[in-house]
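Observations on the model geometry
Here's the letter readout for the chains.
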Amino acid sequence: MSAPTLRVGPVAHGGHCVARDEGRVVFVRHALPGELVRVHLTDSRPTARYWRADAVEVLEPSVDRVPTPWPEAGPGGVGGGELGHVALPAQRAWKAAVVAEQLQRIAGLDTPVAVEAAPGETDGLGWRTRIELVADGQGRAGMHRYRSHDVVALSQMPLAVPELGVAELLGRRWPAGARITAVAPVGGDRPLVLVEGEPWTATGPDRRRTARSSVRERAEVAGHAYTWRVAGSGFWQVHRGAPTALVSAVLDGVGDVDGARVLDLYSGAGLFSLPLADAVGPSGRVHAVEGDARALRDARRNLHDRPWVSVHGGDVAAVLAGGGAQEGPALPERADVVVLDPPRVGAGRDVVAGVAARGPARVVHVACDPAALARDVALFAEHGYRLSAARGLDLFPMTHHVEVVAVLER
């Protein structure tokens, strides 16, 4: 099939733009609205509701088009840098448009959301403190081709912080098929490399009993310095400025909670629980709920000197309902404020109902997917909550991902 020429339309959720080919919707990557492009169809099954394509030649470029800093993430390449061809201000406008469109289409809200740069962000490069690589059959480190199991050996990764030593990671040979995790924590700890979850040194596996498998992450928020211990293979925000940006936004969202009862759901290693503990003070109470065993161990260590924090282990929906594999005391029947940072799929109906049943005056929702956020906002509306504020944070430059901190009140 010859490469079609398409006029590109508006942006869509997922890093695509929408175009049409003889009436059929085509989701086009590596393009910009208004451009005339020649595309390579990557999914054009006759029975498909829509087709997918990569823009491989730009005949009429947008004024917002720039040379990508990472060609290996371009058409036919790896995921993780799909907006590299877009100027940074236009990337943020792109993300703002997607968030607004999802809120309007799914939740019925006309709510413009500005997307802000992360603290210290200048050129959208050198921000990733954690990267995941996989070794190909020859032991070369790389990433999967977009929507494929094929491994593309990489020669560079300009989104990584310098401390990760990407040139060395990409220049080494690893066990074929191995999953490689590299972490460069913020605040002074040495970088850490794990292969299939096991610590490695420059010469191979580190089998010492004292081998390090966790790191300390540090951030300063509103004049307070915080330190978290986090498993190297566990979840932590990847942008070097994300902890400061997100904690600041959440604290702004919860407002004055001195002496209050606060629930921190999907609390992880305690990114929000620790500063929330200081915000409520010894006369208040924070209940942190997390289902991952590694994160629970880290949270208990990170919060051990705040006895007014209770850590609950188990599925969030089950813990809210009073059942499931729960560790720690039962959750209170009432809460003043709830903070939740669910996974990409969102909180969902059961969790939203469990939150609303506790009658918080305010809910602060941290979302990494605009569609999931919109679904949750619509569910909260069924319980009388309205979206009073939403703040977008560009914690994933050069990609379509965006973080949104939303405040709901009733």
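Scroll up for the structure.
The structure contained in this document is the topic of the report that follows.

Scanning the protein for helices and strands turns up eight helices and 22 strands. Rg of the C-alpha trace for the protein: 22 Å, near the compact-globule value of 22 Å for 410 residues, within the 12% margin. Viewed in the frame of its principal axes, the protein has a C-alpha envelope of about 70 × 55 × 40 Å. Looking at the 410 residues of the protein, the share that counts as buried comes to 55%. One finds the centroid of the 45 positive side-chain charges in the protein at a distance of 4 Å from the centroid of its 47 negative side-chain charges.

Our next topic: the environment of Leu 192. Checked against the element boundaries, Leu 192 lands in strand β11 (residues 192-195). On the basis of relative accessible area, Leu 192 is assigned to the buried category, the value being 5%. Once the C-alpha coordinates of Leu 192 and Asp 258 are considered, the two residues, 66 residues apart in sequence, prove to be 38 Å apart. When residues no more than four places from it in sequence are discounted, the contact partners of Leu 192 are Thr 181, Ala 182, Val 183, Arg 212, Ser 213, Ser 214, Val 215 and Gly 232.

Next up on the list: the sheet that holds strand β17 (residues 285-290). The eight strands lie next to each other as β6-β21-β22-β20-β19-β16-β17-β18, forming an open sheet whose pairing is mixed. The open sheet terminates on both sides in strands that have one partner only, identified here as β6 (115-117) and β18 (309-313). Adjacent strand axes in the sheet meet at a mean angle of 15°, parallel and antiparallel pairs treated alike.

Another point: the packing of helix α1 (residues 88-107) against helix α8 (residues 370-381). Where α1 meets α8, the axes come as close as 8 Å, and the angle between the chain directions of the two elements is 35°. Judged by the sense of rotation from one axis to the other, the crossing of α1 with α8 is right-handed. Residues Val 98, Val 99, Gln 102, Leu 103, Ile 106 and Ala 107 of α1 touch α8, and the partners they reach there are Pro 370, Ala 371, Ala 374, Arg 375, Val 377 and Ala 378. Class assignment of the residues belonging to the contact of α1 with α8 gives a composition of ten nonpolar, one polar and one charged.

So, on to the nonpolar core. Core analysis: the largest hydrophobic core is formed by 70 residues, its most contacted members being Ile 131, Leu 133, Met 157, Trp 174 and Phe 272. Per-element accounting of this core gives the leading share, seven residues, to helix α3 (residues 242-254). Among the nonpolar cores identified, the runner-up in size contains 34 residues, and Val 99, Val 289, Val 319 and Leu 387 belong to it.

α8 packs onto helix α7 (residues 349-356) with a crossing angle of 45° between their chain directions and a minimal axis gap of 10 Å. It follows from the interaxial angle that α7 and α8 lie oblique. Seen along the crossing, α7 lies across α8 with a hand that is right-handed. Packed against α7, whose contacting residues are Arg 349, Val 352 and Val 355, the element α8 presents Asp 376, Leu 379 and Phe 380 at the interface. For the contact of α7 with α8, the residue count by class is four nonpolar, no polar and two charged.

Taken in spatial order, the seven strands of this open sheet run β9-β8-β7-β10-β11-β12-β13, and their pairing is antiparallel. Each having just a single partner strand, β9 (151-153) and β13 (204-205) make up the two edges of the open sheet. Summarising the sheet, strand β7 (residues 130-135) and strand β8 (residues 141-144) pair through two bridges and their orientation is antiparallel. Looking across to β8, one finds that Ala 135 is bridged to Ala 141.

Along its twelve residues, α8 runs 16 Å from first to last C-alpha, staying within 8% of the 16 Å computed at 1.5 Å per residue. Burial analysis of α8 places nine of its twelve residues in the buried class, the great majority of the element. All of the buried residues along α8 are Pro 370, Ala 371, Ala 372, Leu 373, Ala 374, Asp 376, Val 377, Leu 379 and Phe 380. Taken together, the buried residues of α8 touch α1, α7, β20 (362-367), β21 (386-394) and β22 (403-409).

Attention shifts here to the environment of Arg 229. Mapped onto the secondary structure, Arg 229 falls in strand β15 (residues 224-231). Residue classification places Arg 229 among the partly exposed positions, given a relative accessible area of 22%. In this structure Arg 229 touches Ser 214, Val 215, Ala 269, Arg 297, Asp 298, Arg 301 and Asn 302, once residues within four positions along its chain are discounted.

The next thing to look at is unusual backbone geometry. With phi around 50°, Glu 196 is a residue other than glycine that occupies positive phi space. Note on placement: Glu 196 falls in the loop between β11 and β12 (198-201). Of note, Tyr 266 is a non-glycine position whose phi angle comes to about 55°, a positive value. As for its placement among the helices and strands, Tyr 266 is situated in the loop between β16 (261-265) and α4 (273-280). Overall, Tyr 266 belongs to the buried group, its relative accessible area being 18%.

Definitions and cut-offs
Residues numbered from 1 in each chain as written. Predicted model: local features only at pLDDT ≥ 70, side-chain atom pairs only at ≥ 80, totals over all residues. Heavy atoms only, no water. Helix = DSSP H or I, 4+ residues; strand = E, 2+ residues; numbered from the N terminus. Rg over C-alpha atoms; globule rule 2.2 N^0.38 Å. Buried < 20%, exposed > 50% of the residue type's maximum accessible area, 1.4 Å probe, protein only. Lys, Arg positive; Asp, Glu negative; His and termini not counted. Charge placed at Lys NZ, Arg CZ, Asp CG, Glu CD. Contact = heavy atoms within 4.5 Å. Pairing = 2+ DSSP bridges. Axes fitted to C-alpha atoms, helices over the stretch in contact; angles between N-to-C directions. Left-handed = near helix turned anticlockwise from the far one by under 90°. Nonpolar A, V, L, I, M, F, W, Y, C, P; charged D, E, K, R; others polar. Core = buried A, V, L, I, M, F, W, Y, C linked by side-chain atoms within 4.5 Å. Parallel < 35°, antiparallel > 145°, perpendicular 65-115°, else oblique. Expected span 1.5 Å × (residues − 1).

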